[in-house]
Amino acid sequence: TGVVCPLDGMTAPCSFDDLPQPFEPVVNFKGMPAFEYEFPIETMPQPFTLDECLALNSKSKHTDKQEFYYGELVPPYIDILGRGPHFRESDDLSIKYQSTAKCYRNAQPDGSLLYMRMADYYGPQYDIQTGFFHQGYGSSLLLNQM
């Protein structure tokens, strides 16, 4: 029931691979999913339709987990390659933030099992939970002296 890592697994993830991954846009390159940012705009393959995108999940190696999603990314954390952490499932008629809905790939949107255990154990930071920067211990007079 423990975690075996070079570091203590309950205080730090074992590697970068444990962290949640961003949603990456994919296009239909000869029937296979390929990342959209690997193609210049002039030679961009056709995008996947909603049905084609979701059908890729049955062809993926991880049949128990969804890997392909159809929808849009939620701003503001979208990088120049079109990748982002926040995803909203939608079709072309109900998009809110982008101009079109796309097919995205993300094999690990919530992080690894180790990361999820660590996040559940520690929970969010105190300031995120309560809106206060500290728990109120000590004197506010000492704050400026440190």
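A brief report on the enclosed structure follows. What you see is a predicted model, and the numbers here were worked out from it, not measured in a lab.

## A short note on the state of the cysteines
Simply put, disulfide is the name for a covalent bond between the sulfur atoms of two cysteines.
1) Next: One pass over the full model with this rule turns up one disulfide.
2) Next: Here Cys53 connects covalently by a disulfide to Cys103, the sulfurs 2.1 Å from one another. Its S-S torsion of approximately 75 degrees makes the covalent link between Cys53 and Cys103 right-handed. Residue Cys53 is located in helix H1 (residues 50-59), and its partner Cys103 is located in strand E5 (residues 102-105); the two are separated by 50 residues in the primary sequence.

## Some remarks on the nonpolar core
1) Next: In this structure, Val26, Phe35, Phe48, Cys53, Leu56, Phe68, Tyr70, Ala101 and Cys103 together form the largest nonpolar core, which totals nine residues.
2) Next: Listing elements by their share of this core, those giving two or more residues are H1 and strand E3 (68-73).
3) Next: If we ignore the near neighbours within four places in the chain, the residues touching Phe35 are Glu24, Pro25, Val26 and Arg105.
4) Next: With five residues, the next largest nonpolar core counts Phe23, Tyr69, Leu73 and Phe87 among its residues.

## So, the sheet that holds strand E1 (residues 24-29)
1) Next: As summarised here, the arrangement of the five strands in space is E2-E1-E5-E3-E4, forming an open sheet in which the pairing is antiparallel. The open sheet has two edge strands, strand E2 (32-35) and strand E4 (87-89), and neither has a second partner. Adjacent strand axes in the sheet meet at a mean angle of 60 degrees when their direction is disregarded.
2) Next: On the sheet, H1 packs against E1, E2, E3 and E5 and is oriented at approximately 135 degrees with respect to E3.

Scoring rules and cut-offs
- Residues numbered from 1 in each chain as written.
- Predicted model: local features only at pLDDT ≥ 70, side-chain atom pairs only at ≥ 80, totals over all residues.
- Heavy atoms only, no water.
- Disulfide = S-S within 2.5 Å.
- Helix = DSSP H or I, 4+ residues; strand = E, 2+ residues; numbered from the N terminus.
- Core = buried A, V, L, I, M, F, W, Y, C linked by side-chain atoms within 4.5 Å.
- Buried < 20%, exposed > 50% of the residue type's maximum accessible area, 1.4 Å probe, protein only.
- Contact = heavy atoms within 4.5 Å.
- Pairing = 2+ DSSP bridges.
- Axes fitted to C-alpha atoms, helices over the stretch in contact; angles between N-to-C directions.

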